[in-house]
Amino acid sequence: IILASIFALACLTTCVGLITSVSEYFSKLTGATYKSMVWIITAFSLVVCNYGLTTILNISVPILNAIYPSVSVIIVMGLFDEKIKNPFIYPVTIGATAVISVIYALEGIIPLGAISTVCSKLPLYSLGFGWLGVTVVAFAISIILGKMKKS
């Protein structure tokens, strides 16, 4: 009973924190009242949670597969932002990473034919890390583009 109470309270505090922060953000973003956003977010959460974990994962995993590589690259590049003076590095590197990660995410949803065949040849692609090699190559190309622009 004590363990169940601890888990229930931990989940409740997490839910309350998420609902309040998301509601505050969207009330500022949309101009809606905070109270109405709390009701909307709570109702949305209630509907979504009743679909079950499997359904939620089936929807969220492709979205996360499309997003996380680009976010990871942005974070790593942000750590070295002071050293990055090249205007091509961010758009070229993040753009190439995004394209490959979206292709990887879409493969499980729709058939991509020749695109899938070409991408499957990338190193680590079968493990979900095909974007890594593309990111390194795009980074190198953006450095070359930056040096060409200077000269």
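Because the structure is a prediction, the values reported are computed rather than measured.

Definitions and limits used
Residues numbered from 1 in each chain as written. Predicted model: local features only at pLDDT ≥ 70, side-chain atom pairs only at ≥ 80, totals over all residues. Heavy atoms only, no water. Phe/Tyr/Trp six-rings, centres within 6.5 Å; stacked < 30°, edge-to-face > 60°. Patch = residues over 30% accessible without salt bridge, like charges linked within 9 Å, V, L, I, M, F, W, Y side chains within 5 Å. Areas by Shrake-Rupley, 256 points an atom, 1.4 Å probe, with all protein chains shown as cover. Salt bridge = Lys/Arg side-chain N within 4 Å of Asp/Glu carboxyl O. Helix = DSSP H or I, 4+ residues; strand = E, 2+ residues; numbered from the N terminus. pLDDT = per-residue confidence, 0-100. Core = buried A, V, L, I, M, F, W, Y, C linked by side-chain atoms within 4.5 Å. Buried < 20%, exposed > 50% of the residue type's maximum accessible area, 1.4 Å probe, protein only. Contact = heavy atoms within 4.5 Å. Expected span 1.5 Å × (residues − 1). Bend = angle between axes of the 7 residues up to and from the residue.

Draft legend 1. Structural detail: the packing of aromatic side chains. Taken as a whole, this structure holds three aromatic pairs when the rule is applied. Seen from their ring centres, Tyr 25 and Phe 26 are 5.2 Å apart, and the 75° between their planes marks the pair as edge-to-face. An aromatic cluster of at least three residues, connected via ring pairs, comprises Tyr 68, Phe 129 and Trp 131.

Draft legend 2. Seen up close, a nonpolar patch on the surface. Together, Ile 59, Ile 63, Ile 67, Val 71, Ile 75, Val 76, Leu 79 and Phe 80 give the surface a local cluster of nonpolar side chains, amounting to about 770 Å² of exposed area. Tracing the backbone through its elements, the reader meets Ile 75 in helix H3 (residues 53–79).

Draft legend 3. Region of the structure containing the confidence of the model for the protein chain. For the protein chain, per-residue confidence averages 89 on the pLDDT scale, and residues scoring 70 or more make up 99% of the total. Here helix H5 (residues 114–119) is the element of the protein chain with the lowest mean pLDDT, 80, and helix H1 (residues 2–30) is the one with the highest, 94.

Draft legend 4. Just the nonpolar core, in detail. Among the nonpolar cores identified, the biggest contains twelve residues, and these are Val 73, Met 77, Ile 84, Ile 89, Ile 94, Ile 100, Ile 103, Leu 112, Cys 119, Tyr 125, Trp 131 and Val 134. If you list the elements that add at least two residues to this core, you get H3, helix H4 (89–107) and helix H6 (130–150). Top contributing element to this core by residue count: H4, with four residues. Here Val 73 is in contact with Thr 93, Ile 94, Thr 97, Trp 131 and Thr 135, once residues within four sequence places are set aside.

Draft legend 5. Structural detail: the pattern of salt bridges. Scanning the entire structure with this criterion turns up one salt bridge. The salt bridge involving Glu 24 is made with Lys 28; its shortest N-O contact spans 3.4 Å. On the criterion of helical spacing, the pair formed by Glu 24 and Lys 28 is a turn pair, its members being four residues apart in helix H1.

Draft legend 6. A look at the side chain of Ser 142. Within the fold, Ser 142 resides in helix H6. Residue classification places Ser 142 among the buried residues on the basis of a relative accessible area of 0%. Ignoring any residue separated from it by four or fewer positions in sequence, one finds Ser 142 in contact with Asn 86, Phe 88, Ile 89, Val 92 and Thr 93.

Draft legend 7. Layout of H1. Taking 1.5 Å of rise per residue, 29 residues should cover 42 Å, and H1 covers 41 Å from first to last C-alpha, within 8% of that figure. Taken together, the buried positions of H1 are Ile 19, Ser 23 and Ser 27. Along its buried surface, H1 packs onto helix H2 (34–49). Gly 31 occupies a position one or two residues after H1 and carries a positive phi of about 85°.

Draft legend 8. Inspection of H3 at higher detail. Its axis deflected by about 30° at Leu 64, H3 carries its strongest bend there. All of the buried residues in H3 are Pro 62, Ala 66, Pro 69, Ser 70, Val 73 and Met 77. The elements touched by buried residues of H3 are H4 and H6.

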